[in-house]
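Breakdown of the fold
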Amino acid sequence: MDKKPYYITTAIAYTSGKPHIGNTYEIVLADSIARYKRMEGYDVFFQTGTDEHGQKIEQKAEAAGVTPKEFVDTIASQIKSIWDLMNTSYDKFIRTTDADHEVQIQKIFKKLYEQGDIYKGEYEGMYCTPCESFFTASQLADGKCPDCGREVQPAKEEAYFLKLSKYTDRLIEHINTHPEFIQPESRKNEMMNNFLLPGLSDLCVSRTSFKWGIPVDFDSKHVVYVWIDALSNYITGLGFDADGNHGELFRRYWPADLHLIGKDILRFHTIYWPIMLMALDVPLPKQVFGHPWLLQGGGKMSKSTGNVMYADDLVSILGVDAVRYFVMHEMPFDNDGVITWELLVERINSELANTLGNLVNRTISMSNKYFDGVVTNSGVKEDIDSELTLTVIKTAGKVAEKMKELRVADAMSEIFTLFKRCNKYIDETMPWALAKDEDKKDRLATVLYNLTESICIGSSLLSPFLPETAERIFAQLNTTCRSFDTLDIFGEYPSGNKVTAAPEILFARLDIKEVLEKAEALKPSVSADTKGSSSELAALDESVMDMEAKAEISYDDFAKLQFQVGEIIECKAVEKSKKLLCSQVRIGNQMKQIVSGIKQYYSPEEMVGKKVMVLVNLKPATLAGILSEGMLLCAEDEGGNLALMVPEKTMPAGAEIC
């Protein structure tokens, strides 16, 4: 019987830097869904990859003294290695610098131009370089980029545009008649009310101000802009051909069953992308799911922030499946989740070590102690057995219902409810007491069989989420993962089978102090190389300059400076520098890393907890090998002594200084 195809994708990761755990969450989430669908019997194709063109890449490569291709090769390799480290089972890793992708992007662009869906014009508006996006004045949020909150600059250039307005009504109708298209529901309402219903402006789809992109083959001055280039990976990766000569994968797997993306790029995937597909006369994906963010200590992670968590660091201390468990289980369906070292340790100890690890270890140990490892169903039942078996055989159905709605965290909770019921069953039946009575030997055997069978079913359901852990459990129980259609049947474990004689600890209990020490040790050492440091910040490390009268400025000049209250969350002395401190500063829901030349006036311990005045929009610079993203304001007396400027009254972090 031919398996039903199922095509799932993640957003392709931007190659501007190493992905943090918030980025990694998406690939792990997608992997759990892909593995679960395979378990259900689907023919799954799972695609991920990297987005490698754009002005930001060109600038970063220039700063690093390498070509853009050399730069993205390094980062793409790093991203792929982290995806592999997290045991993700993708079928294709596409790069937008792949030759076959670039050919198709040129063909797609030309086809849309020739049929009148792309036209040549001129763009004038406010441009955000990090987001590589133009905005009208009405789209800005408090004068800043509505997507990332950074400063925008006026820009004007010749460009090609995609006629979004031509397809707006058709897209609105599709969304209204396909309520499953945008999920969760709150995301759909946001797209409709904020963008589609007010009306769409045509979309800029080419650039002339930089060269690192796919050339428009009929107009060499232009490169194809990110929207057509990056979004089209979902079809080019399957062998889509703009001339109609599609590959076998495209014919089998398109339309995609699920685009799994972060909520911050929902507009691109639910407005720009569907309209491109409509213009190409290609069916729309069945569903776009905008997952929430994983926040560190309550603030959104940023690649430019110095204290973000990285998957490889977490894995080196906690292990792959412990990290997988946390990022999937702790993320609500449509609200942001929080990750801290303290939360990680608490969840690992309570759920993985106590609930699961202890259950498996106790069951195997008792089987060895009382029956030399042989697990036998003696058929001596009591009423309490029915309560256990009913919980176990209903779990697969409950998990299936949750997974239909992509409520992965809830699905995992159902599985751990099974394991918790097993632990309760041990307390209820008290195998150690049964072992003291020879007449209860058959009853004891049945109890241990019921536990072993329950663990087998639970571990089979767990395998899409924690594949390594499930395999370790199967190995200890001398069995294999159950087929999906037997997960509601109790009693499939072979009576008389023998478990391992030496059960291993699945998850050791962690000491938070030791974990924090290891985490601190993983932070990169500071290089003495100051190449690329800004003159403004480098001066702080050498001396405090005498104050000189400066030229008068206009109010417009002053208005370009953004000052806010920041709270110092963490501070470290910079090695090999006599005057530098490196602080992690919370400003609203953002974290910034700021290097300051105040080491001789403040110890790192004194800094933590201070509310300070921050110049927020200073251009980032590297000092002593460390990225600095702003400046702490200080006062200086005649003797050269410095004092941090602090608010006179209690003010929240993020308050504007005006």
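Residue indices follow the written sequence of each chain, beginning from 1 at its first position. It should be noted that, the model being predicted, local features are given only for residues of pLDDT at least 70 and side-chain atom pairs only at 80 or more, the latter also being counted only at that level, while totals for whole chains, interfaces and linings use all residues. Where side-chain values are given, they derive from all heavy atoms of the structure, hydrogens and water being excluded.

1. Quick look at the overall build of the protein
Across its full length, the protein carries 22 helices and 28 strands. For a compact globule the rule gives 2.2 Å times the number of residues to the power 0.38, and the radius of gyration it is set against comes from C-alpha atoms. Against the compact-globule benchmark of 26 Å for 658 residues, the protein has a radius of gyration of 29 Å, which places it among compact chains. Projected onto the principal axes, the alpha-carbon positions of the protein cover approximately 100 × 70 × 40 Å. To sort residues, take the accessible area from a 1.4 Å probe on protein chains only and compare it with the maximum for the residue type: under 20% means buried, over 50% means exposed, and anything in between is partly exposed. The buried share among the 658 residues of the protein stands at 52%. A contact between two residues is defined here by any heavy atoms of the two lying within 4.5 Å. For the protein, long-range pairs separated by at least 24 residues make up 76% of all intrachain contacts whose partners lie at least 6 apart in sequence. To qualify as a helix, a DSSP run of H or I must reach at least 4 residues; to qualify as a strand, a run of E must reach at least 2; elements of each kind are numbered from the N terminus.

2. Some remarks on helix H1 (residues 21-40)
Taking 1.5 Å per residue as the helical rise, H1 with its 20 residues ought to reach 28 Å, and the 28 Å between its terminal C-alpha atoms agrees with that figure. Backbone geometry just downstream of H1 places Gly41 in the positive-phi region, at approximately 110°. The span expected for a helix works out to 1.5 Å for each residue beyond the first.

3. A short note on the pattern of salt bridges
What makes a salt bridge here is a side-chain nitrogen of Lys or Arg within 4 Å of a carboxyl oxygen of Asp or Glu, nothing more. Counted by the stated rule, this structure contains 36 salt bridges. One salt bridge connects Glu158 with Lys120, and the closest N-O pair in it is separated by 3.5 Å. Taken together, the residues span a long stretch of sequence, with Glu158 in strand E7 (residues 153-162) and Lys120 in strand E5 (residues 118-128) at a distance of 38 residues. Residue classification places Lys120 among the partly exposed residues on the basis of a relative accessible area of 42%. Between Glu158 and Lys221 there is a salt bridge; the shortest N-O distance is 3.2 Å. Residue Glu158 is found in strand E7, and its partner Lys221 is found in the loop between strand E10 (206-207) and strand E11 (223-224); the two are separated by 63 residues along the sequence.

4. Description of the confidence of the model for the protein
Detailed reading of the predicted coordinates is not advisable wherever pLDDT is low. Confidence in the prediction for the protein averages 89 pLDDT; 92% of positions are at 70 or higher. Considering only residues more than four positions removed or in separate chains, one finds that residues 525-549, a stretch of pLDDT under 50, has 38 contacts. Confidence of the prediction at every residue is given by pLDDT, a number between 0 and 100.

5. A look at the environment of Leu197
By the secondary structure assignment, Leu197 is in the loop between helix H6 (185-196) and strand E9 (203-204). The class of Leu197 is exposed, set by a relative accessible area of 52%. Taking the C-alpha atoms as reference points, Leu197 and Val72, 125 residues apart in sequence, are found 38 Å from one another.

6. Section: the pairing of strand E19 (residues 563-573)
Both E19 and strand E22 (residues 611-615) contribute to a ladder of five bridges, which runs antiparallel. Of the residues in E22, the one forming a bridge with Glu567 is Lys611. Strands qualify as paired when DSSP identifies two bridges or more between them. Relative to strand E20 (residues 581-587), E19 runs antiparallel, the two being bridged by six bridges. Residue Cys571 lies in a different strand from E20, and its bridge partner there is Ser583.

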